[in-house]
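An overview of the molecular structure
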Amino acid sequence: MNGNKTKPKIVVLTGAGISAESGLKTFRDNDGLWENHRVEDVATPEAFEQNPSLVYRFYNARRAQLQEDVVKPNAAHIALAKLEKALGERLMLVTQNVDDLHERGGSSSVYHMHGELLSARCAISQQSFHWRDSFDHTTKCPCCSRVTLRPDIVWFGEMPMYMDEIYNALSQSDVFIAIGTSGNVYPAAGFVQIAKECGAHTIEANLAPGATNALFDESLTGPASHIVPQWVDEIISKYAL
């Protein structure tokens with residue numbers, strides 16, 4: 001108990017909007033293509049099977065860009081780390097992003113439902129390995145010494161990670177906030193409905209209202225680096241954390 005108020009259970013979902021202010025540029029050109037390929041064509045199991053070299057090159061480029069000096073966590077990432085310190089295990093931070101900006105901002109427990117750029121996965125054992133360098137069809141896997149490594153990314157058509165843990169946390173949450181996500185991609189777009197049905201107060205924090213805005217109890221509009229720190233400070237003050 002803090003200030004006669006029980007610490008709330010909060011589930012935070014973050015999307016691309018929280019990383020947009022951190023120097024990460026989009027890999028889509030104005031015509032929606034990456035080097036004359038649709039991004040979907042380098043982010044499916046079928047694409048990897050048909051043209052693995054292209055898929056490796058796409059993710060190697062993204063991994064290298066993530067590690068450039070200009071890419072840094074912003075005030076929103078840092079604020080969520082502050083909230084984690086105040087709430088401990090009563091906060092679940094779920095991200096659709098494959099970058100490591102939450103960790104670099106100070107968060108120690110992050111559920112990457114779409115995988116991680118700085119990771120490689122063995123296609124046979126499904127073991128994941130922290131990986132900062134480029135790799136391709138010639139790179140041997142640490143666990144089996146075979147050339148079985150693939151990007152540790154959830155592609156279109158694959159099941160996102162940690163879904164049981166996420167659904168369990170949503171069912172027990174007091175507050176659910178979606179930050180910088182459009183509400184177009186399922187299953188994450190359905191999280192607000194699950195949280196609402198279980199009695200949580202639901203908040204959308206975005207530059208502009210997303211596709212599921214009408215389902216939220218509250219809407220915060222503006223850049224994540226402004227509205228997220230303000231919201232975190234309000235939560236900490238409200239519950240005397």
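Presented here is an overview of the structure given in this document. Per chain, residues are indexed from 1 in the order of the written sequence. Restriction of local features to residues with pLDDT of at least 70 applies here, the model being predicted, together with a cutoff of 80 or more for giving and counting side-chain atom pairs; totals for whole chains, interfaces and linings are based on all residues. Excluding hydrogens and water, the side-chain values take into account all heavy atoms of the structure.

1. As for the pattern of salt bridges
The condition that has to hold: Every case where a carboxyl oxygen of Asp or Glu lies within 4 Å of a side-chain nitrogen of Lys or Arg is listed as a salt bridge. Between buried and exposed lies partly exposed: a residue is buried under 20% and exposed over 50% of the maximum accessible area for its type, with that area taken using a 1.4 Å probe on protein chains only.
Under the counting rule described, the total for this entry stands at seven salt bridges. One salt bridge connects Arg 104 with Asp 100, and the closest N-O pair in it is separated by 3.0 Å. Judged by its relative accessible area of 36%, Arg 104 is partly exposed. A relative accessible area of 13% places Asp 100 in the buried class.

2. With respect to the packing of aromatic side chains
The criterion, for reference: Working definition: a ring pair exists when centres of Phe, Tyr or Trp rings (six-membered ring for Trp) sit within 6.5 Å. Plane angles under 30 degrees give stacked, over 60 give edge-to-face, the rest tilted. A run of H or I in DSSP counts as a helix once it spans at least four residues, and a run of E counts as a strand once it spans at least two, with each numbered from the N terminus. Working rule: Lys NZ or Arg CZ, within 6 Å of ring centre, within 35 degrees of ring normal, means a charge sits over the ring.
Using the criterion set out here, one finds ten aromatic pairs in the structure. For the ring pair Tyr 56 and Phe 135, a centre distance of 5.8 Å and an interplane angle of 75° mean the geometry is edge-to-face. Placement of the pair is Tyr 56 in helix 3 (residues 52-66) and Phe 135 in the loop between strand 7 (128-130) and strand 8 (149-153), with a sequence separation of 79 residues. Phe 135 sits in the buried class, given a relative accessible area of 2%. Sitting over the ring of Trp 155, Arg 150 keeps its end group 3.8 Å from the ring centre.

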